[in-house]
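Residue strings, one per chain:
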Amino acid sequence: MNYNNLIKIALRALNNNKFRGFLTMLGIIIGVASVISMLAIGQGSKRSIRAQISEMGSNMIMIHPGAERFGGVRQSASSMQSLKLADYEVIARDADYISHCTPSVNSSGQAIYGANNTPTTMYGVNEDYLDIRKYSVGEGEFFTDADTKKAAKVCVIGKTVAEKLFPNGQDPLGKTIRFNSIPFKVIGILTPKGYNSMGMDQDDLIIAPFSTVQKRLLAIDYIQGIYASALSEECSQDAIDEISVILREQHKIKPGDEDDFNVRSQEELSSMLGSTTDLMTVLLACIAGISLLVGGIGIMNIMYVSVTERTREIGLRMSIGAKGYHILLQFLIEAVIISFAGGIIGVLLGIGASAAIKYIAGWPIFIQPYSVILSFAVCTLTGIFFGWYPAQKAARLDPIEAIRYE
Amino acid sequence: MAQSIIQIKNIRRDFIVGNETVHALRGVSFDIAPGEFVTIMGTSGSGKSTLLNILGCLDTPTSGEYYLDGVSVRQMGKNDRATLRNLKIGFVFQSYNLLPKTTAIENVELPLLYNPAVSAHERHERAIKALDQVGLHDRMHHRSNQMSGGQQQRVAIARALVNNPVIILADEATGNLDTRTSFEILTLFQSLHASGRTIIFVTHNPEIAQFSSRNITLRDGHITDDTVNHNIRSAAEVLATLPKEDE
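Only a predicted model underlies this, so the values are computations on that prediction, with no experimental measurement involved.

**Notes on the overall build of chain A**
Part 1: If you tally the helices and strands in chain A, you get 13 helices and 10 strands.
Part 2: Here the C-alpha atoms of chain A give a radius of gyration of 33 Å, more than 25% beyond the 22 Å that 2.2 N^0.38 yields for 406 residues.
Part 3: Taken along its principal axes, the extent of the C-alpha atoms in chain A is 105 × 60 × 35 Å.
Part 4: Residues counted as buried form 43% of the 406 residues belonging to chain A.

So this is what it looks like as structure tokens:
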């Protein structure tokens, strides 16, 4: 049997029922389009989160005092004081997998200049902080080692703080602002970074030498954290392990005892957020997949009705020489044409809808080629799967009864 | 005499309905030679439909032999019988059985679509020729639902002719038509007969027997009568006597 002929036969049959064919197709179109646009939304948000995280410094490593705890409040005040400046010095000296390292202390408070004030956070760090957090100084300059040594009262401010304290376009450089009553001279302004993926304003901060913040502002002898950056994203785990070993030795922790600090990498955070968006993607795809399934059932339903309605036609075809498998293939091809055409339209519609979502709602969209191929393959298989049973029923008809069917 | 087109020997066909066995055919035998126009008559329940199904290779006998054009059909499988139907038999049904919303030529081409040996071009040529033979050349592209009953039956006859079958099987082919159209169709059958076609016409209408060359009567699964008709009436003449309808 010539397959061209069978395709021709199937096309003619579909042509006779254009509207019904279209309605059947609609189920598949909606299914495929929703699978594609849902996956595009899921992938798009995952990518944008990853991009923002790597902007924050994807190879950043954070060391905080206190053991890692899940549930149960055991963080006593003293446990939060376990990191000392000496720890930073040892890490900076001995760790091989890190390129930059800074101690960190911070204080929330009110920054005041003249009649203007704003609540913000002051971070006490050294100059490595810029590289670790991917900040850069836009105007002015950053403080030096010498400033750190003498605990100089200088600071670098973020764009948001600059705008709040100097609303009339005054140049903040060289001005002295007060933070929790202590005067700081503004020596630089950071290049703006905008909001991060958690919605935090990354420009709402003041950076000062850690010695100044630790001694003059907080008057503490410990540090609140250490930030480092691994040589590369890939070796962040090695860096974490190395730092843990160094700190355990430094803190004289016996083997088997719990750490009194915890080390995390940005990479962990990134993959955690990634898995959240993955879950969202899977959920969206499931919902869309269900609509594809419903579309498939629609095909089955219509093919079923069609077989019953065309019983006489089937009987006639058989009596003039069509074999069972000709009839089977004819109906199967019809089902596949419906789902295939529906798939093509659905893919186009899905891409269009994704573009529309991006344009109208401004959501990040990313269409992965595999999602197009996948949904297309699934809908074709759906056609075969749901077309098979009705086609089988048609092929098994007895021509004698079928031809006289009323 | 040339080899028989159809040769059936002591054919029986039993159906099992519930716990009972129904004997539809109880030993039927006859030969049909090329060029015969045979009517098979019988009331309903006489077994003529069963016989037609067997002759048309849609069904196989419970016992007995059936040779179509020298080939034994009894042991054939479903697919082989389908091929045989495709190549050797032309069916004409009471209710035409044209494909809905399909043009005349597409309907006529249909049997050839299932014959891989026929090219698209040849299919088209042969369909045109068949439509010529039934006088529907100018309605080739009319759809089946735009045609009258008589025209639809002509298309069906063209469809039966297109594969150049050894036998045409007509099942009450005039049953759905008014008197005048019936005679038109009968005239067509007679002209096909005159051109050498072998035709079997199954009917319950005794009148039609006068127009065929031979008549077989069935009753309760037996042949009760098998006579050759030497006085074939011309359907064309009868048609001429009928009052013309205003069109």
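**Looking at the overall build of chain B**
Part 1: Scanning chain B for helices and strands turns up seven helices and 10 strands.
Part 2: By the compact-globule yardstick of 18 Å for 247 residues, chain B fits well, its C-alpha radius of gyration being 18 Å.
Part 3: C-alpha atoms of chain B, sized along the principal axes, occupy 50 × 45 × 45 Å.
Part 4: Residue burial in chain B is summarised as follows: out of 247 residues, 47% are buried.
Part 5: Put simply, 69% of the contacts in chain B that link residues at least 6 apart link residues at least 24 apart.

**Topic: the interface of chain A and chain B**
Part 1: In this assembly, 20 residues from chain A lie in contact with 22 residues from chain B.
Part 2: The set of elements that each furnish at least two residues to the side of chain A that touches chain B consists of α1 (3–15), α10 (311–319), α11 (324–360) and α13 (399–403) of chain A.
Part 3: The greatest single-element share of the side of chain A that touches chain B, amounting to five residues, is contributed by α10(A).

**Considerations on the sheet that holds strand β7 (residues 167–171) of chain B**
Residues and elements named next belong to chain B.
Part 1: The sheet built from six strands is open, its strands ordered β6-β7-β8-β3-β9-β10 with mixed pairing. Since the sheet does not close on itself, it has two edges, and those belong to β6 (89–92) and β10 (222–228), each with one partner. Between one strand and the next, the sheet's axes are offset by a mean angle of 15°, whatever the strand orientation.
Part 2: Bridge analysis of strand β3 (residues 37–41) against strand β9 (residues 214–219) gives four bridges, and the strand direction is parallel. Note on β9: the bridge partner recorded for Met41 is Thr217.

**Section: the sheet that holds strand β5 (residues 71–72) of chain B**
All names here are of chain B.
Part 1: The four strands lie next to each other as β2-β1-β4-β5, forming an open sheet whose pairing is antiparallel. In the strand order of this sheet, the two ends are held by β2 (20–32) and β5, each with one partner.
Part 2: Direction of pairing for strand β4 (residues 63–68) relative to β5: antiparallel, over a ladder of two bridges. By the bridge assignment for β5, Tyr67 is matched with Ser72.

**Some words on the nonpolar core**
Part 1: Counting 121 residues, the largest nonpolar core has B:Val108, B:Ala158 and B:Ile200 as the members making the most contacts within it.
Part 2: The leading source of residues in this core is helix α2 (residues 18–57) of chain A, at 12 residues.
Part 3: Once residues within four sequence positions are removed from consideration, B:Ile200 is found in contact with B:Ile32, B:Val38, B:Ile40, B:Leu55, B:Ile167, B:Leu169 and B:Ala170.
Part 4: In this structure, A:Tyr88, A:Ile91, A:Leu165 and A:Val186 belong to the second largest nonpolar core, which totals 53 residues.

**Brief notes about unusual backbone geometry**
All names here are of chain A.
Part 1: Even without glycine at this site, Lys134 takes up a positive phi of about 60°.
Part 2: The topology assignment puts Lys134 in the loop between α4 (128–133) and β4 (137–140).
Part 3: The phi angle at Ser181 is positive, at roughly 75°, despite the residue not being glycine.
Part 4: By secondary structure assignment, the location of Ser181 is in the loop between β6 (176–179) and β7 (182–190).

**Section: the domain arrangement of chain A**
By convention, interface size is frequently given as the accessible area that disappears when the constituent parts associate.
Part 1: When the domains of chain A are assigned, the result is domain 1 (3–52 + 272–403) and domain 2 (99–227).
Part 2: Centre-to-centre separation of domain 1 of chain A and domain 2 of chain A, based on C-alpha positions: 58 Å.

**Quick word on helix α3 (residues 85–94) of chain A**
Residues and elements named next belong to chain A.
Part 1: When we look at burial in α3, the residues that qualify are Asp87, Tyr88 and Ile91. Down the axis, α3 shows its buried residues gathered within 100° of arc, on one side only. Across α3 from its buried face, at more than 90 degrees, point the exposed residues Ala86 and Arg93.
Part 2: Buried residues in α3 make contact with β2 (98–113), β9 (225–230) and α8 (236–250).

**Some remarks on the packing of α1(A) against α11(A)**
Residue and element names in this part refer to chain A.
Part 1: Across the interface, α1 lies against α11 with an axial gap of 9 Å and an inter-helix angle of 60°. With respect to α11, the element α1 is oriented oblique. With respect to the hand of their crossing, α1 and α11 are arranged in right-handed fashion. Where α1 abuts α11, its residues Leu6, Ile7, Ile9, Ala10, Leu11, Ala13 and Leu14 lie against His326, Leu329, Gln330, Ile333, Glu334 and Ile337.
Part 2: Of the residues in the contact of α1 with α11, the class split is 10 nonpolar, two polar and one charged.

**Details of the pairing of strand β3 (residues 116–125) of chain A**
Residue and element names in this part refer to chain A.
Part 1: Note that β2 and β3 share nine bridges and pair antiparallel. From the neighbouring strand, Ile112 faces β3, where its bridge partner is Asn117.
Part 2: Where β2 folds back onto β3 in an antiparallel hairpin, the turn is made up of two residues, including Gly114, whose phi is positive at roughly 60°.
Part 3: Pairing analysis gives four bridges linking β3 to strand β8 (residues 206–209), with the strands arranged parallel. Paired with Val125 across the bridge in β8 is Pro209.

**Quick look at the packing of helix α9 (residues 266–309) of chain A against helix α12 (residues 369–395) of chain A**
Residues and elements named next belong to chain A.
Part 1: Viewed as axis vectors pointing N to C, α9 and α12 meet at an angle of 25°, and their least axial separation amounts to 9 Å. When the axes of α9 and α12 are compared, the pair comes out roughly parallel. Seen along the crossing, α9 lies across α12 with a hand that is right-handed. Across the interface between the two elements, Leu292, Gly296, Ile297, Ile299, Met300, Met303, Tyr304 and Val307 from α9 touch Val378, Cys379, Thr382, Gly383, Phe385, Phe386, Gly387, Tyr389, Pro390, Ala391, Lys393 and Ala394 from α12.
Part 2: Taken together, the residues that form the contact of α9 with α12 break down as 15 nonpolar, four polar and one charged.

**Considerations on the confidence of the model for chain B**
Part 1: Mean pLDDT over chain B stands at 91; residues scoring 70 or higher make up 98%.
Part 2: With a pTM of 0.71, the predicted complex shows an ipTM of 0.91.

**A look at the environment of A:Leu332**
Residue and element names in this part refer to chain A.
Part 1: Note that Leu332 resides in helix α11.
Part 2: Residues Leu332 and Glu268, 64 residues apart in the sequence, show an inter-C-alpha distance of 50 Å.
Part 3: Those residues within four positions of Leu332 in sequence are excluded, and the remaining contacts are Ile384, Gly387, Trp388 and Ala391.

**A word on α10(A)**
Part 1: Taking burial as the measure, the nine residues of α10(A) include seven buried ones, the bulk of the element.
Part 2: Residues of α10(A) that are buried include every one of A:Glu313, A:Ile314, A:Gly315, A:Leu316, A:Arg317, A:Met318 and A:Ser319, and no others.
Part 3: On its buried face, α10(A) sits against α11, α12 and α13 of chain A together with α2 (78–88) and β6 of chain B.

How each quantity is defined
- Residues numbered from 1 in each chain as written.
- Chains lettered and ligands numbered in written order.
- Predicted model: local features only at pLDDT ≥ 70, side-chain atom pairs only at ≥ 80, totals over all residues.
- Helix = DSSP H or I, 4+ residues; strand = E, 2+ residues; numbered from the N terminus.
- Rg over C-alpha atoms; globule rule 2.2 N^0.38 Å.
- Buried ≥ 20, exposed ≤ 12 C-beta atoms within 10 Å, placed from the backbone.
- Contact = placed C-beta atoms within 7 Å.
- Pairing = 2+ DSSP bridges.
- Axes fitted to C-alpha atoms, helices over the stretch in contact; angles between N-to-C directions.
- Core = buried A, V, L, I, M, F, W, Y, C linked by C-beta atoms within 7 Å.
- Domains from an automatic or database assignment.
- Arc of directions from axis to C-beta.
- Parallel < 35°, antiparallel > 145°, perpendicular 65-115°, else oblique.
- Left-handed = near helix turned anticlockwise from the far one by under 90°.
- Nonpolar A, V, L, I, M, F, W, Y, C, P; charged D, E, K, R; others polar.
- pLDDT = per-residue confidence, 0-100.

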